[in-house]
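Chain by chain, the residues run as shown.
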Amino acid sequence: MAGLKEKYKVYAPKRFPNGSVRYGEIDSLSEIVVDEKSHFSPKEVYLPIAQTIFYFKDSRCEESRPEDERDILIFARACDINAIERLDTIFLKNGGTEDAYYKRLREKVRFVLIECAGSFDGCFCVSMGTNETGNYMGILRDGKIDTQSEPVFVRENKKAVKIPDIDESIVKDVFGLEYWRGFDEECAGCGRCTAVCPTCSCFDTIDVIYNETSLDGERRRVWGSCMREDFAAMAGGHNVRKRAGDRMRFKVMHKIYDFKKRFGVSHMCVGCGRCGARCPRDIVFSDIVNTLADEAQKLKAKGGAAL
Amino acid sequence: MKNVLMPAPHRILSVVHETSAEYTFRVECSDTVEHGQFYVLSIPKIGEAPISVSSRGEGYLEFTIRKVGRLTEGIFGLGAGDTIFMRGPYGNAFPVEDFKGRDLVVIAGGTGLAAVRSMLQHFYANPGEIKSLTLIAGFRNKDSVLFREDLERFKERFKTIYCLDDTEAEGFKKGLVTEYIRDVPFSAFSDYNVVIVGPPEMISFSAKECLMRGADEGRIWVSLERKMSCSVGKCGHCKIGGVYVCLEGPVFNYAEAKNLID
Ligand SMILES: Cc1cc2nc3c(=O)[nH]c(=O)nc-3n(C[C@H](O)[C@H](O)[C@H](O)COP(=O)(O)OP(=O)(O)OC[C@H]3O[C@@H](n4cnc5c(N)ncnc54)[C@H](O)[C@@H]3O)c2cc1C
Ligand code: SF4
Ligand code: SF4
Ligand code: FES
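Being a predicted model, the structure only gives us computed values, none of them experimental.

Caption draft 1: The arrangement of the pattern of salt bridges in detail. Residue and element names in this part refer to chain A. In the structure shown here, the tally under the stated rule is 51 salt bridges over all chains. Between Asp246 and Arg249 there is a salt bridge, and its shortest N-O distance comes to 3.8 Å. Residue Asp246 and its partner Arg249 are located together in helix 9 (residues 244–263), separated by three residues, close to a single helical turn. What makes Asp246 buried here is its relative accessible area of 6%. Salt bridges sharing partners connect three or more residues here, namely Arg181, Asp184, Arg243, Asp246 and Arg249.

Here's what the structure looks like:
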């Protein structure tokens, strides 16, 4: 481990004093929590919750510099390793530009695979095709990093999810489903689901001044959430997604329809099931996806007529 | 590696008070900008916001800003000689090449006029490029009228209808822009385009009115405003379904825009 830490900053799921399992730096492989799914995803390592992007000194604007030269080693499961490709798509490809802050951390990231002895509650990686990966340097086995063996992947989850067959002919009707209105009351708009999601990438930008009399300050990037009411609020009181149901629709459709439509490769959701596990209102994402699959099928049978 | 979020300092050359809540800032800048594009303006330690280019000229760009919150209030505190930070230009533009040689109808509500002003100035200076130009511009009241000198000049070369929401005044009819769309002779045009800019409801009512008057939806262009944080396709705020307004917009053909569901 000492050798490892010379070369890498080492992150793994570990238990925090408040009982939650989330990613943090470790000093020993024995700290890694293997028999439980981490409550938070590893994304906070390469997409920090809050990150300074510029320092303002007098009237100058300086780009922040990474604090550590070492590479980053992350112990992660197949779903989370697959999830980083979704973030790469947004931060390194969308719009034809690369985000400097994401890239400088992302380039350093290497993975060690944590195998899943069985599927945890709520997981549906098999349905999303994210149960396997080849992107790792070694496998965590018997408290050591094994670089020789072949990994064992989960082949079946307790939960199976049908991916809705949505296309241009019915997408307007899917948006128009009365079903979404149920979430106006049900969803609290708290944003916990997006905070724990390994593929949620949205952020806000805020400027801060160190104190009233200071000339210095900084610009920060902080995680944002499309589930919160102010996400789309504009000047003049306009808010295009004022209702929680509209925001739920926005998120769900991104995860299982329009991300893939735009980028072509895979759906955004990797089926980790964390969003459902963290929701204070017990809203289970995979149930929503299954309901949509049924509704989409009905719409197709009707030839796309509105319900 | 180029940091696309890095803003550059620019000098403010002059400030014109259009109304008590809308000022036009002329900023030193020699970028090549197309009609309809925008910049992200910022004041370090206060914030950033997307603002349309309202005019362009030799060595300068203009921005017409409505004071609504933290950053815009900060910008109102700046004057000639002060520094403002900018990054851009961003977004697509009006398909001005397609507009040439045809009839053009521009329908603008309030500050929305800022987004089409540079294009209107271009056609005012080059009237031969366009077959005809009809401008319908609406404002809340006499005190909220922008670009008074331009509006006066435009009367010489464009067919103009200016209106105020609920009062009549010299040179201004009473009523909303939607009420004057019926005066546009769509059936007399052989080949035309319509541009609509303004608040969301105004855009949707105006587009519907144009369709009712026989306009073809594929000839209507709108400029959409959405919340933006990055303007480079990363933050997710401006996304509508599979479309990023900061990348594919802000200008959309109505045939596409009408299918965008937030
Ligand atoms: C492509 C594009 C072009 C634009 N062009 C122009 C232009 O040419 N001129 C122009 O004046 N503007 C333009 N805008 C709008 C401009 O970007 C906004 O007015 C600006 O971002 C406001 O910034 P601010 O910091 O001053 O306001 P903020 O302090 O961010 O707040 C503005 C207003 O938003 C509301 N608001 C803020 N937070 C919340 C919340 N949590 N919940 C509900 N409401 C909230 C408040 O009512 C507040 O008054 C454009 C926008 C886009 C996307
Ligand atoms: S299951 Fe939920 S948390 Fe996990 S990737 Fe899908 S949307 Fe995100
Ligand atoms: S965690 Fe649940 S209640 Fe909170 S925003 Fe997500 S779906 Fe809504
Ligand atoms: S404004 Fe950030 S993605 Fe468009």
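Past the structure itself, the notes keep going.
Caption draft 2: How the structure looks around the site of ligand 1. As a matter of local geometry, ligand 1 sits amid 21 residues, with Pro50, Thr64, Arg66, Val68 and Thr72 of chain B nearest to it. Looking at what sits near ligand 1, you find residues from chains A and B. Between ligand 1 and Val68 of chain B, the relevant distance is 2.7 Å, taken from an oxygen atom to a main-chain nitrogen or oxygen of the residue. Burial of ligand 1 by the surrounding chains reaches 70%, relative to a free accessible area of 980 Å². Put simply, the parts of the chain that give the shell around ligand 1 at least two residues each are strand 4 (47–57), strand 5 (60–66) and helix 1 (70–76) of chain B. By residue class, the composition of the shell around ligand 1 is 11 nonpolar, five polar and five charged. Viewed by domain, the shell around ligand 1 spans two of them, domain 1 (8–90) and domain 2 (96–257) of chain B, each represented by three or more residues.

Caption draft 3: Representation of the domain arrangement of chain B within the structure. Residues and elements named next belong to chain B. Under the domain assignment, chain B is made up of domain 1 (8–90) and domain 2 (96–257). Each of domain 1 and domain 2 has a C-alpha centre, and these two points are 21 Å apart. At the interface, 20 residues of domain 1 touch 23 residues of domain 2. Surface buried jointly by domain 1 and domain 2 totals about 1700 Å² across both partners, of which 53% is contributed by carbon and sulfur atoms. One salt bridge connects Glu62 with Arg117, and the closest N-O pair in it is separated by 3.0 Å. Taken together, the elements giving at least two residues each to the side of domain 1 that touches domain 2 come down to strand 2 (22–28), strand 3 (38–43), strand 4, strand 5 and strand 6 (83–90). Here the element with the most residues in the side of domain 1 that touches domain 2 is strand 4; it accounts for seven residues.

Caption draft 4: Looking closely at helix 4 (residues 148–157) of chain B. Residue and element names in this part refer to chain B. Listed in full, the buried residues belonging to helix 4 are Asp150, Leu151 and Phe154. When helix 4 is viewed along its axis, its buried side chains cluster within an angular range of 95° and face the same direction. With respect to the buried face of helix 4, the exposed residues turned more than 90 degrees away are Glu149 and Glu156. Buried-residue contacts for helix 4 involve helix 3 (113–125), strand 8 (132–139) and strand 9 (159–164).

Caption draft 5: Seen up close, the interface of chain B and chain A. Opposite the 41 residues of chain B that make contact, chain A presents 47 residues. Taking both sides of the interface into account, the surface hidden between chain B and chain A amounts to around 3600 Å²; carbon and sulfur atoms contribute 59%. In this structure, Asp258 of chain A and Lys239 of chain B form a salt bridge, with 3.0 Å as the shortest nitrogen-oxygen distance. At the level of secondary structure, the elements contributing two or more residues to the side of chain B that touches chain A comprise strand 3, strand 4, helix 5 (200–212), strand 14 (243–244) and helix 6 (245–248) of chain B.

Caption draft 6: Local environment of the packing of helix 9 of chain A against helix 11 (residues 285–301) of chain A. All names here are of chain A. Between helix 9 and helix 11, the least distance of the axes is 11 Å, while the angle of their chain directions is 80°. Viewed along their axes, helix 9 and helix 11 adopt a mutual orientation that is roughly perpendicular. Two secondary-structure elements touch here, helix 9 through Met248, Lys251, Val252, Met253, Lys255 and Ile256 and helix 11 through Phe285, Ile288, Val289 and Leu292. Of the residues belonging to the contact of helix 9 with helix 11, the class tally is eight nonpolar, no polar and two charged.

Caption draft 7: Geometry of the packing of aromatic side chains. All names here are of chain A. Per the counting criterion, the structure on display carries 23 aromatic pairs over all chains. Geometrically, the ring pair formed by Phe91 and Phe203 is stacked, given 6.2 Å between the ring centres and 15° between the ring planes. Taken together, the residues span a long stretch of sequence, with Phe91 in helix 3 (residues 78–93) and Phe203 in strand 9 (residues 203–209) at a distance of 112 residues. Assessed through its relative accessible area of 0%, Phe91 is described here as buried. Pairwise contacts between aromatic rings join Tyr46, Phe91, Tyr102 and Phe203 into one cluster.

Caption draft 8: Focus on the layout of surface pockets. Residues and elements named next belong to chain B. Each pocket or cavity is described by its volume, and for the second largest pocket that value is around 500 Å³. In terms of lining, the second largest pocket is formed by 22 residues, of which the most central are Pro200, Ser204, Arg226, Leu260 and Asp262. Those elements giving two or more residues to the lining of the second largest pocket turn out to be helix 5 and helix 7 (254–257). The element contributing the most residues to the lining of the second largest pocket is helix 5, with five residues. When its residues are assigned to classes, the lining of the second largest pocket shows 10 nonpolar, four polar and eight charged.

Caption draft 9: Geometry of the sheet that holds strand 10 (residues 173–174) of chain B. Residue and element names in this part refer to chain B. Taken in spatial order, the seven strands make up an open sheet running 10-9-8-7-11-12-15, and their pairing is mixed. Either end of the sheet is taken by a strand with one partner, and the two such strands are strand 10 and strand 15 (251–253). Bridging between strand 7 (residues 103–109) and strand 8 involves seven bridges; their strand directions are parallel. Paired with Val105 across the bridge in strand 8 is Thr134.

Thresholds, definitions, all that
- Each chain carries its own residue numbering, running from 1 in the direction its sequence is written.
- Following the order in which they are written, the chains are lettered starting with A and the ligands numbered starting with 1.
- Residue-level local features of this predicted model are given only where pLDDT is at least 70; pairs of side-chain atoms are given and counted only at 80 or more, and the full residue set underlies all totals for whole chains, interfaces and linings.
- By convention in this description, side-chain values take in all heavy atoms of the structure and omit both hydrogens and water.
- We define a salt bridge as a contact between a side-chain nitrogen of Lys or Arg and a carboxyl oxygen of Asp or Glu at a distance within 4 Å.
- Helix and strand definitions here come from DSSP, where helices need a minimum of 4 consecutive H or I residues and strands a minimum of 2 consecutive E residues; each element is numbered from the N-terminal end.
- Working definition: with a 1.4 Å probe on protein chains only, accessible area under 20% of the residue-type maximum means buried, over 50% means exposed, and in between means partly exposed.
- In this text, near means that some heavy atom of the residue lies within 4 Å of the molecule or strand in question.
- The term polar contact refers here to a pair of N or O atoms within 3.5 Å; inside protein, the definition further demands a hydrogen-donor-capable atom paired with an acceptor-capable atom, and it admits residues adjacent in sequence only when both atoms are side-chain atoms.
- Each accessible area is a Shrake-Rupley result for a 1.4 Å probe, and residues are judged covered by the shown protein chains and nothing else.
- Note that Gly is not counted as nonpolar here; it falls among the polar residues with everything else outside the nonpolar set of Ala, Val, Leu, Ile, Met, Phe, Trp, Tyr, Cys and Pro and the charged set of Asp, Glu, Lys and Arg.
- Throughout the structure description, domain borders are defined by an automatic or database domain assignment.
- Contacts are assigned to residue pairs that have any heavy atoms within 4.5 Å of one another.
- Here the quantity called buried area is the accessible surface, traced with a 1.4 Å probe, that two parts lose on coming together, added over both.
- Working note: the arc is built from the helix axis to C-beta atom directions.
- Axes here refer to lines fitted to C-alpha atoms; in helices the fit is confined to the stretch in contact. Angles between the N-to-C directions go from 0 to 180 degrees.
- Relative orientations are named as follows: roughly parallel for angles under 35 degrees, roughly antiparallel for angles over 145 degrees, roughly perpendicular for angles from 65 to 115 degrees, and oblique for any other angle.
- For Phe, Tyr and Trp, rings pair up if their centres lie within 6.5 Å, where Trp contributes its six-membered ring, and each pair is then called stacked (planes under 30 degrees apart), edge-to-face (over 60) or tilted (otherwise).
- Put plainly, a pocket is an open set of points on a 1 Å grid over the protein atoms alone with protein on both sides within 12 Å along at least five of seven lines, a cavity is a set where a 1.4 Å probe fits but cannot get out, and a lining residue has an atom within 4 Å of a point.
- Grid points are joined across faces, edges and corners, and a volume is the space filled by probe spheres set on the points.
- Whether two strands pair depends on DSSP finding at least two bridges between them.

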